Amino acid sequence: MQVKTSFQPDVQPLSTAVPPRVTVAYGDGIGREIMEATLSILDAAGAKLEIEEARIGEEVYLEGHSSGISPEAWEVIRRNKAFLKGPITTPQGGGYKSLNVTIRKALGLYANVRPCRAYTPFVESNFPDMDLVVIRENEEDLYAGIEHQQTAEVVQCLKLVSRPGCERVIRYAFEYARAYGRRKVTCMTKDNIMKHTDGLFHQVFDEVAREYPEIEATHYIIDIGAALLAGRPEKFDVVVTLNLYGDIISDITAQVAGSVGLGGSANVGDTVAMFEAIHGSAPDIAGKDVANPSGLLHAACMMLTHIGQPAVAERIQNALLCTLEDGIHTPDLYNEAFTKHRAGTREFSQAVIERLGKLPRKLKAVQLGEQSQPIQVKVKPRPAATKTLVGVDVFLDWAEGQRDPNELGRELERIAGTALQLKMITNRGVKVYPNGFPETFCTDHWRCRFVSGDSRVNQQAKGMSFTAPVTYGEITALLQRLNEEGYDFIKIENLYQIDGQRAYSLGQGE
Ligand code: NAD
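Residues numbered from 1 in each chain as written. Predicted model: local features only at pLDDT ≥ 70, side-chain atom pairs only at ≥ 80, totals over all residues. Heavy atoms only, no water.

## Focus: the sheet that holds strand β19 (residues 445-452)
So the rule is basically this: Here, any two strands with at least 2 DSSP bridges between them count as paired. Helical segments are the DSSP runs of H or I of at least four residues, strand segments are the runs of E of at least two, and each set is numbered from the N terminus.
Judged by pairing direction, the sheet is antiparallel, and its six strands sit side by side in the order β18-β17-β19-β16-β20-β21 without closing on themselves. This sheet does not close on itself; its edge strands, each paired only once, are β18 (430-433) and β21 (501-502). The sheet contact formed by strand β17 (residues 420-427) and β18 spans three bridges and is antiparallel. By the bridge assignment for β18, Ile425 is matched with Tyr433.

Encoded structure:
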């Protein structure tokens, strides 16, 4: 294994005889200790790598790069195929952006893969048969980071979900199941509530699942799904879900496996992939030679598989299992019954090196088989959609008098005129006009829905089989009148019918 620390640009080798170059960032806190331990094991196991270092993290943040990464480091990461990253400390205080989120989004790392397996009895867990993989959508959802305060009382966060975004990660999950001999893929969403965003994810899951008839496909609503993951994780195999749910359930699964310190993860894109431990930089134990390097080591093994060296990854993982079985444990894994020797970081990595080539006696050995190519997925092109503008939701900041929705409704009906008519007003999604309940609490944030004022077509529109088109001109004229009458409109959302289907949610009670 060679180490290259300069940043001079040159070309990735084409021949397999030349070791592939990977980027390594040591990270902060315990980062250097666990990275050195990991690289020493990779070297001893015969990994063929050329290492190029990238400087990222706390010191780069403090140098004034608000995302914790310098332009040179971007160049190195983008040039190389794979990136092994140590944990990063995000400095406290405002203005610093999450380095992980920045890297994931900027490099299109759309799938976050977290295998999670129990090592009982050597590491305590109530679920000895647990062996699952959470695959989380990594770029969209509430993590788009688009938030606004709109009124004195109300803030919003936009949840963005795209069809290609869903399709990429769902296809990845099925391809992953196929490549690793897994039999079941479970989708988790909250589409009983979020029928359009989570509904799209579920719909695409059902479509893609039909192309993999040999793999069992199921769906759970995320709340019961998360409860089952905590209570019966051995029932699951591959789980695919949206960004926020995936963030939460992957920590639940790591915790119930009893091994947060052992977990590794991959962030996979079409060209670059980033591999890291699931834990942070653990500043409380930094520099003490007690940190467990296993999480980063597992991540490094995922990287070796990704770049076509699965046999080396298999050797390392089995040596790690032997080390755990032999009771050589870092302090975080200490348990009275099975720990025979409490080892420091370096000693632990030496123990793994000594066991290279051995297979575990009790724990199930790792078998990676022939899987040696990165999983590539292609999103299917779709025909362009037919989009018809059928109305507008105008959001108002309004806190007059007793905040009586009937007063607001009467005024808006007068202002609406004839081309558009007020259909309803909701407050935090609940219909308050017409025919609202006086018990409904109202904030200063009102969503006012206007649709075509053509009574003939609206008659036909009953039952939602047909909705009358409106024009942008009618909408801008309405906004102009609202402005002239002193109403503070915060934003609008156009209402569309797409390919003949209503493409917006109804208000609760509408
Ligand atoms: P943490 O994961 O660093 O630590 C939580 C606890 O687990 C601590 O008690 C720590 O000592 C222990 N621990 C973590 N890794 C361990 C290991 N390998 N061996 C033994 N014990 C280990 O979480 P935190 O304390 O909330 O965060 C510390 C810093 O890490 C913060 O700045 C946070 O932003 C950052 N962080 C970075 C990443 C990342 O780079 N991917 C992820 C999470 C947190």
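## Observations concerning the packing of aromatic side chains
Short version of the rule: Planes of paired rings set the category: under 30 degrees apart is stacked, over 60 is edge-to-face and the rest tilted, where pairs are Phe, Tyr or Trp rings (Trp by its six-membered ring) whose centres lie within 6.5 Å. For each residue, the accessible area found with a 1.4 Å probe, counting protein chains only, is set against the maximum for its type, and the residue is called buried under 20%, exposed over 50%, and partly exposed in between. For a Lys NZ or an Arg CZ to count as sitting over a ring, it must be within 6 Å of the ring centre and within 35 degrees of the ring normal.
Scanning the entire structure with this criterion turns up eight aromatic pairs. Measuring from ring centre to ring centre gives 5.4 Å for Trp398 and Trp446, while their planes differ by 75°; the resulting arrangement is edge-to-face. Within this pair, whereas Trp398 is found in the loop between β16 (387-397) and α12 (405-416), its partner Trp446 is found in strand β19, the two being separated by 48 residues in sequence. Across the pair, exposure class does not vary: Trp398 and Trp446 are buried alike. Taken together, the aromatic side chains of Tyr110, Tyr172, Tyr176 and Tyr180 make up a single cluster linked through ring pairs. Its guanidinium or amino end placed over the ring of Tyr496, Lys387 lies 4.2 Å from that ring's centre, counting from NZ or CZ. In this structure, Lys491 packs its charged tip against the face of Phe395, placed 4.9 Å from the ring centre.

## Section: the packing of helix α1 (residues 31-44) against helix α9 (residues 294-306)
Note the cut-off: Each axis is a line fitted through C-alpha atoms, taken for helices only over the stretch in contact, and angles between the N-to-C directions span 0 to 180 degrees. Oblique is the label for every angle not falling under 35 degrees (roughly parallel), over 145 degrees (roughly antiparallel), or within 65 to 115 degrees (roughly perpendicular). Handedness of a helix crossing follows the sense of rotation of the near helix relative to the far helix, less than a right angle counterclockwise being left-handed and clockwise being right-handed. Pairs of residues are marked as contacts when any of their non-hydrogen atoms sit within 4.5 Å.
Where α1 meets α9, the closest approach of the two axes is 9 Å, and the angle between their N-to-C directions is 45°. The orientation of α1 with respect to α9, classified from their angle, is oblique. Every pair of crossing elements has a handedness; the one defined by α1 and α9 is right-handed. Residues Ile34, Met35, Thr38, Ile41 and Leu42 of α1 lie in contact with α9, whose contacting residues are Leu296, Leu297, Ala300, Met303 and Leu304.

## A few points about the pairing of strand β10 (residues 216-221)
Filter applied, for reference: Seen with its strands pointing away from the viewer, a crossover is right-handed if its path from the first strand over the helix to the second goes clockwise.
Strand direction decides the pairing type here: strand β9 (residues 184-189) and β10, joined by six bridges, are parallel. The residue bridging Met188 from the neighbouring strand is Tyr220, located in β10. Chirality of the crossover, the property in question, places the unit of β9, helix α6 (residues 197-209) and β10 among those that are right-handed.

## Focus: the side chain of Thr151
Keep this limit in mind: Whenever two N or O atoms come within 3.5 Å, that pair is a polar contact, provided that in protein one can donate a hydrogen and the other can accept it, and provided that, for residues adjacent in sequence, both atoms are side-chain atoms.
Structurally, the position occupied by Thr151 is in the loop between β7 (147-149) and β8 (155-157). A distance of 2.6 Å separates the side chain of Thr151 from the side chain of Asp444, its partner in a polar contact. When residues no more than four places from it in sequence are discounted, the contact partners of Thr151 are Asp397, Asp444, His445 and Ile490.

## With respect to the pattern of salt bridges
Convention followed: Salt bridge, as used here: a side-chain nitrogen of Lys or Arg that lies within 4 Å of a carboxyl oxygen of Asp or Glu.
The tally for this structure, following the rule as stated, stands at 33 salt bridges. Note that Arg447 and Asp393 form a salt bridge whose closest N and O atoms lie 3.0 Å from each other. Residue Arg447 is located in strand β19, and its partner Asp393 is located in strand β16; the two are separated by 54 residues in the primary sequence. Assigned by exposure class, Arg447 and Asp393 land together as buried.

## Notes on helix α11 (residues 345-354)
Using the following cut-off: Of all possible arcs, the one meant is that of the directions from the helix axis to the C-beta atoms.
Of all the positions in α11, only Thr345, Phe348, Ser349, Ala351 and Val352 are classed as buried. Here the buried residues of α11 occupy an arc of 155° about the axis, which is enough to place them on one side. α11 presents Arg346 and Glu354 as exposed residues on the side facing more than 90 degrees away from its buried surface. The secondary structure elements touched by the buried residues of α11 are α1, α9, α10 (310-325) and β14 (328-329).

## Focus: the layout of surface pockets
Counted only if it meets this: Definitions used for this entry: grid spacing 1 Å over protein atoms alone; cavity, a set of points where a 1.4 Å probe fits but cannot get out; pocket, an open set with protein on both sides within 12 Å along at least 5 of 7 lines; lining residue, one with an atom within 4 Å of a point. Grid points are joined across faces, edges and corners, and a volume is the space filled by probe spheres set on the points. Residue type decides the class: Asp, Glu, Lys and Arg count as charged, Ala, Val, Leu, Ile, Met, Phe, Trp, Tyr, Cys and Pro as nonpolar, and the leftover types, Gly among them, as polar. All domain edges in this entry derive from an automatic or database-based domain assignment.
Here the largest pocket is characterised by a volume of approximately 2,300 Å³. Taken together, 49 residues make up the lining of the largest pocket; nearest its centre are His196, Thr197, Ala503, Tyr504 and Ser505. Ranked by the residues each element gives to the lining of the largest pocket, the list is headed by strand β20 (residues 488-498), at six residues. Looking at the lining of the largest pocket residue by residue, the class counts come to 21 nonpolar, 15 polar and 13 charged. The two domains that each donate at least three residues to the lining of the largest pocket are domain 2 (126-257) and domain 3 (387-502). The wall of the second largest pocket is formed by 37 residues, among which Pro115, Tyr176, Arg182, Gln317 and Leu368 lie closest to the centre. At the level of elements, β5 (111-117), α5 (163-179), β12 (264-268), α9 and α10 are the ones that each hand at least two residues to the lining of the second largest pocket.

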